[in-house]
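Each chain, letter by letter, is given below.
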Amino acid sequence: MIFIAMAFIAGSFFPTQAGVNAQLARVVGSPVLATFYSFFVGLASLGLFVFFSRTQWPSWSQLGQVSPWMWTGGVIGAFGVGTIVFLAPRLGAGTLMSWLLAGQLISSILFDHYGWLGFQQHPASLLRLVGLVMMILGVFFIQRF
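First, a word on scope: everything that follows refers to the structure included in this document. Within each chain, residue numbers correspond to sequence positions counted from 1 in written order. The predicted nature of this model means local features are confined to residues of pLDDT at least 70 and side-chain atom pairs, given and counted, to a pLDDT of 80 or more, with totals for whole chains, interfaces and linings taken over all residues. Hydrogens and water molecules were not included; the side-chain quantities draw on all heavy atoms of the structure.

1. Some details on the packing of helix α1 (residues 2-28) against helix α4 (residues 73-91)
- Between α1 and α4, the least distance of the axes is 8 Å, while the angle of their chain directions is 80°. Here α4 runs roughly perpendicular to α1, going by the angle between their axes. Of the residues in α4, those in contact with Gln17, Ala18, Asn21, Ala22 and Ala25 of α1 are Val81, Ile84, Val85, Ala88 and Pro89.
- Across the contact of α1 with α4, the residue classes break down as 8 nonpolar, 2 polar and no charged. Here the axes come from fitting lines to C-alpha atoms, over the contacting stretch only for helices, and the angles between their N-to-C directions go from 0 to 180 degrees. The helix count covers DSSP runs of H or I at least four residues long, the strand count covers runs of E at least two residues long, and both are numbered beginning at the N terminus. Reported orientations rely on four angle classes, namely roughly parallel under 35 degrees, roughly antiparallel over 145, roughly perpendicular from 65 to 115, and oblique for the rest. In this analysis, two residues are considered to be in contact whenever any of their non-hydrogen atoms come within 4.5 Å of each other. Following the grouping adopted for this structure description, the nonpolar residues are Ala, Val, Leu, Ile, Met, Phe, Trp, Tyr, Cys and Pro, the charged ones are Asp, Glu, Lys and Arg, and the polar ones are all others, Gly among them.

2. A closer look at the packing of helix α2 (residues 31-53) against α4
- Here α2 crosses α4 at 130°, and the two axes come no closer than 9 Å. If you check the angle between α2 and α4, you find them oblique. For the crossing formed where α2 meets α4, the hand is right-handed. On the side of α2, the interface is formed by Pro31, Ala34, Thr35 and Phe39, while α4 contributes Gly74, Gly77, Ala78, Val81, Gly82, Val85 and Phe86.
- Among the residues forming the contact of α2 with α4, the class breakdown is 7 nonpolar, 4 polar and no charged. Crossing chirality is assigned from the near helix's rotation relative to the far helix, an anticlockwise turn below a right angle marking it left-handed and a clockwise turn marking it right-handed.

3. A short note on the pattern of salt bridges
- In what follows, salt bridge is the name for a side-chain nitrogen of Lys or Arg lying within 4 Å of a carboxyl oxygen of Asp or Glu. For the structure on display, the rule yields 1 salt bridge.
- Residue Arg128 pairs with Asp112 through a salt bridge whose shortest N-O separation is 3.2 Å. In this pair, Arg128 sits in helix α6 (residues 126-144) while Asp112 sits in helix α5 (residues 93-114), placing the two residues 16 residues apart along the sequence.
- Type-normalised accessible area, obtained with a 1.4 Å probe on protein chains alone, sets the label of each residue: buried when under 20%, exposed when over 50%, and partly exposed for intermediate values. A relative accessible area of 14% means that Asp112 is categorised as buried.

4. Thoughts on the side chain of Thr35
- Following the sequence through the fold, Thr35 ends up in helix α2.
- Ignoring any residue separated from it by four or fewer positions in sequence, one finds Thr35 in contact with Ala78, Val81, Gly82 and Val85.

5. Notes on the environment of Ser107
- For Ser107, the location among the structural elements is in helix α5.
- At 3.2 Å, the side chain of Ser107 forms a polar contact with the backbone oxygen of Gln104. Side-chain atoms alone can form a polar contact between residues adjacent in sequence; in general such a contact is a pair of N or O atoms within 3.5 Å, and within protein one must be able to donate a hydrogen while the other accepts it.

Here it is in structure tokens:
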């Protein structure tokens, strides 16, 4: 139950982050710069956390075992945050987050169904697909009304 609560709380931060970063973009004059500053502050924050938590760094040999595609998470994150910063003032929080959620749900069903990226395989059953369709309908209603 604690993991579900953590996921819910983290999810609630997405529209907050979108609004904060959109305001930052307005002040600095660029969604790209706002994304850069956001990631810079995030990097500094994580650096402090790693330092104070005394997290053990991996060895060079461990880092050598990392496949190149595994480094793409940062690029994906930068694209995602940059897109959110650009779209937030244009779509509004409800519409933006609804369509982000729709994209997340569709890709999540695919990742689970095929076990891609190391996720435990969960077949896209009829009830899961019905739930997906209902969520997409919810997205449509949030945007439309």
